[in-house]
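Architecture at a glance
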Amino acid sequence: MALFVGFELNQNLAELIVGKRLHDADDVFHDFVAWRDLRTYAPPGFWFPFYDLYGTHVTASGTIPQGWPSDGLPLSTAANAQYNALLVPDGQGGAIVAWNDYRFLEGMIYALRVDGAGTLEPGWPVNGQLVSTAPGVEFSPVLASDGTGGAFVAFEEIDPATSFEWVRVQQMTRAGRV
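All residue numbers refer to positions counted from 1 along the written sequence of the respective chain. The predicted origin of the model limits local features to residues at a pLDDT of at least 70 and limits the giving and counting of side-chain atom pairs to 80 or more, whereas totals for whole chains, interfaces and linings rest on all residues. Based on all heavy atoms of the structure, the side-chain values leave hydrogens and waters out of the count.

1. Things to note about unusual backbone geometry
Even without being glycine, Asn80 reaches a positive phi, approximately 65°. In this fold, Asn80 is placed in the loop between strand S5 (73-76) and strand S6 (82-89). One non-glycine residue with positive phi stands out, namely Asn127, at about 75°. Numbering of helices and strands runs from the N terminus, with a helix taken as a DSSP run of H or I at least four residues long and a strand as a DSSP run of E at least two residues long. With respect to the helices and strands, Asn127 occurs in the loop between strand S8 (108-114) and strand S9 (129-130).

Quick look at the structure:
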C-alpha cells in the first residue's frame with residue numbers, strides 16, 4: 001500500500017492532503033484522499049482553526065469518478081475542528097476513515113465508512129460515529145481492516161481520573177456499530 005502526502009493551497013485553503021492506495025479483495029487498487037479543509041474559519045478568540053474533513057476517490061487516470069463531488073465529499077463538517085484523517089480499505093471498494101475530533105472541545109475519535117461511489121454507507125451517521133464513550137481525551141487513531149468490511153481503531157487516551165495514558169482498541173462493524 002502506497003501512502004502519499006501533499007500540501008495544497010486553493011480557494012478553500014485545504015492543506016495536509018493524505019491519501020492511500022488501497023488494495024482490495026477485488027484485486028483492484030483504489031486511491032482515496034482525505035484532507036483537512038478551512039472552508040469554515042474559527043471565530044475570533046479561538047486558538048485553532050475549525051478544520052473540516054473532506055475526501056475523494058481518484059481513478060488510475062487521475063480523475064474524480066462520477067458520483068463524487070468535484071470539490072470533495074464532506075467526511076465531517078461538525079462543529080469545531082476535525083483533523084488527522086486516516087484511511088483503511090473496507091474490502092468492498094470503499095474505505096473507513098477515522099480522525100481526531102474536537103466537536104465538543106475535548107479530543108475524541110470518530111470514524112465513518114464511505115463506499116466506492118462516494119456515499120456514506122447505511123448505518124454510519126453524517127459527520128461520523130463516535131468510536132469510544134470512555135471518559136478521557138482521545139487522540140492518535142490507527143486503523144486496521146477487520147476483514148469483514150469494518151475496522152479496528154486503536155487510539156491513545158488520557159484517563160481524567162489518574163492522568164494515566166492508555167492505548168485502547170475498538171472494533172467498528174461494517175454497519176457502523178461499535
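2. What about the sheet that holds strand S12 (residues 165-172)?
Two strands form a pair only when DSSP identifies at least two bridges running between them. Strand order in this open sheet of three strands is S10-S11-S12, and the pairing throughout is antiparallel. On the outer flanks of this sheet lie strand S10 (137-145) and S12, each paired with one strand and no other. With direction set aside, neighbouring strand axes in the sheet form an average angle of 20°. Pairing of S10 with strand S11 (residues 151-158), which is carried by seven bridges, proceeds in the antiparallel orientation. Across the sheet, Ala144 pairs through a bridge with Phe152, a residue of S11. Axis lines are fitted through C-alpha atoms, for helices just across the contact stretch, and the angle between N-to-C directions can take any value from 0 to 180 degrees.

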